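Residues per chain, in single letters:
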Amino acid sequence: MTAIDPRTLRGDWNYPTRVRFGPGRLVELPEACRALGIARPLLITDPGLAGHALGQRVLEAARDAGLACAMFARIRPNPTGADVERGVEALRAGAHDGVIALGGGSGLDAAKATAFMAGQTRPIWDFEDRGDNWLRAGTEGILPVVAIPTTAGTGSEVGRAAVITNQATHGKCIVFHPRMLPGQVIADPELTLGLPPDLTAWTGFDALSHNLEALCAPGFHPLADGIATEGIRLIHRWFRTAVEDGGHLAARAHMLAAASMGAVAFQKGLGAMHALAHPIGGLLDSHHGLTIAIVMPYVLARNREAIAERVEQLDRALGLEAQAFPDWVAAMRADCGIPNTLEAVGVRPEHVAVLAPRAAADPSAAGNPVALGEADYALLYRQALTG
């Protein structure tokens, strides 16, 4: 294959929002803020990035351009409603007129939810992605967001929802509103360089699951299907290189694009992988991408007959032998050292009784190609516990 010059991996996209993609695009942060009318941004990120050179670099870039920027970093790995409430307090205390969201899925989700809740009087749980709950929201005070992803996983930078943990119930809530979509995205793959191999793998499996579950979700949506198929193809081509070589800019760029593609595609639907993973994250505070990677083969096996045509489609797109896609997933998991059972993230047999009803009720469950009930999810949890 012809060598790729990473400098050519650059573009300005307006789907589904304004995306400034390519190495070195972080320098455009002040321009992106001004395009949204932001003069006093609040930089929302996680504690790790706040203390990292990158967090300080973003803060200084905003301030050097004359923006009155402050930082808020009291975000948990699985952000909670309390995190969002504190973020809204910081927004109001500093009279901020917009948000810079920096980080992986947790930081981006918390920042988007904070910008959204700045304009609300109802509790955040009233906007769970069920029915027309989003119509309850007041739109006047929702603040604009510039999103800057630092991992290639959730694709939250191009999403209209945020996953927030309710500490009272230990359940994860998907909060949705069209105005949660960031108005500007800076997708600079240089910001993902050097991410450790394990985190690269875990976030990469999250990106894979978004594309894969979207492709397999029932319903007619050829736009999402096309994006998901290409996203999976990019992951198939670049995943191993990104994990093995933290400095490979072309691999990082393609994985970052694939992550965004997954988040665009899954407006069609997700499925049992996410329905299983969300309750575990809410109860045990596990890493979402790792949890997804563990449950993926069990869900593929359960859905085998219903997704046979989709697997055949992927086999052709990826140049694999017939029905070889699940074997490729298994091999990739093994090569990355992904555990085979949920014991690795703290799940015990006694948790199944709590987790199964939550999985069956999770909004993601509706997109699974096979209708599954509480007993089915209990069985999947037990299978993923025993291997």
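Thresholds applied
- Residues numbered from 1 in each chain as written.
- Predicted model: local features only at pLDDT ≥ 70, side-chain atom pairs only at ≥ 80, totals over all residues.
- Heavy atoms only, no water.
- Helix = DSSP H or I, 4+ residues; strand = E, 2+ residues; numbered from the N terminus.
- Rg over C-alpha atoms; globule rule 2.2 N^0.38 Å.
- Buried < 20%, exposed > 50% of the residue type's maximum accessible area, 1.4 Å probe, protein only.
- Contact = heavy atoms within 4.5 Å.
- Areas by Shrake-Rupley, 256 points an atom, 1.4 Å probe, with all protein chains shown as cover.
- Lys, Arg positive; Asp, Glu negative; His and termini not counted.
- Charge placed at Lys NZ, Arg CZ, Asp CG, Glu CD.
- Core = buried A, V, L, I, M, F, W, Y, C linked by side-chain atoms within 4.5 Å.
- Arc of directions from axis to C-beta.
- Pairing = 2+ DSSP bridges.
- Right-handed = clockwise from strand over helix to strand, strands pointing away.
- Salt bridge = Lys/Arg side-chain N within 4 Å of Asp/Glu carboxyl O.

1. Some points on the overall build of the protein
Of the regular secondary structure elements, the protein holds 14 helices and nine strands. Against the 2.2 N^0.38 benchmark of 21 Å for 387 residues, the protein shows a C-alpha radius of gyration of 20 Å, consistent with a compact globule. C-alpha extents for the protein along the principal axes are approximately 55 × 55 × 35 Å. Looking at the protein as a whole, 57% of its 387 residues qualify as buried. For the protein, the share of sequence-separated contacts (at least 6 apart) that also reach a separation of at least 24 residues comes to 76%. Of the roughly 15,300 Å² of accessible surface on the protein, a fraction of 53% belongs to carbon and sulfur atoms. Across the protein, the 33 positively charged side chains and the 40 negatively charged ones have centroids separated by 4 Å.

2. Here we look at the nonpolar core
Judged by nonpolar contacts, the single largest core of 93 residues is most densely connected at Phe205, Leu208, Phe325, Leu342, Tyr377 and Tyr381. With twelve residues, the top contributor of residues to this core is helix 8 (residues 249–265). Leave out the neighbours within four places in its chain, and leucine 208 touches Ile232, Ile235, Met296, Phe325, Trp328 and Met332. Of all hydrophobic cores here, the second largest spans 19 residues; its members include Leu29, Leu43, Leu49 and Leu59.

3. Quick notes on helix 12 (residues 325–335)
Within helix 12, burial applies to Phe325, Trp328, Val329, Met332 and Arg333. Down the axis of helix 12, the smallest arc covering the buried residues is 135°, so these residues share one side. Every exposed residue of helix 12 that faces more than 90 degrees away from the buried side is listed here: Asp327, Ala334 and Asp335. For helix 12, the elements touching its buried residues are helix 6 (197–216), helix 7 (222–244), helix 10 (288–302) and helix 11 (308–318). Trailing helix 12 by a residue or two, glycine 337 shows a phi angle of about 70°, which is positive.

4. Observations regarding the pairing of strand 5 (residues 98–103)
Remark: a regular strand shows side chains that alternate across the two faces of the sheet. Summarising burial for strand 5: six of the six residues are buried, a large majority. Side chains of strand 5 alternate between two faces, with Gly98, Ile100 and Leu102 and Val99, Ala101 and Gly103 buried alike. Across four bridges, strand 3 (residues 41–44) lies against strand 5 in parallel orientation. Residue pairing in the sheet places leucine 43 in a bridge with isoleucine 100 of strand 5. With helix 5 (residues 105–117) bridging strand 5 and its parallel neighbour strand 6 (residues 145–149), the resulting β-α-β unit is right-handed.

5. Description of the pairing of strand 7 (residues 161–166)
One ladder, built from six bridges, connects strand 7 with strand 8 (residues 171–176); its direction is antiparallel. When the sheet's bridge partners are listed, isoleucine 164 is paired in strand 8 with cysteine 173. Counting the residues in the hairpin turn of strand 7 and strand 8 gives four residues, including histidine 170, whose phi is positive at 60°.

6. Focus: the pattern of salt bridges
On inspection of all chains with the given rule, the structure shows 18 salt bridges. Across the salt bridge formed by aspartate 12 and arginine 25, the nearest N and O atoms sit 2.5 Å from each other. On the criterion of sequence distance, the pair formed by aspartate 12 in strand 1 (residues 11–13) and arginine 25 in the loop between strand 2 (18–21) and helix 1 (29–35) is long-range, its members being 13 residues apart. With relative accessibility at 46%, the residue aspartate 12 sits in the partly exposed group. Assessed through its relative accessible area of 3%, arginine 25 is described here as buried. When salt bridges that share partners are traced, they join Arg10, Asp12, Arg20, Arg25, Glu28 and Glu31 into one network.

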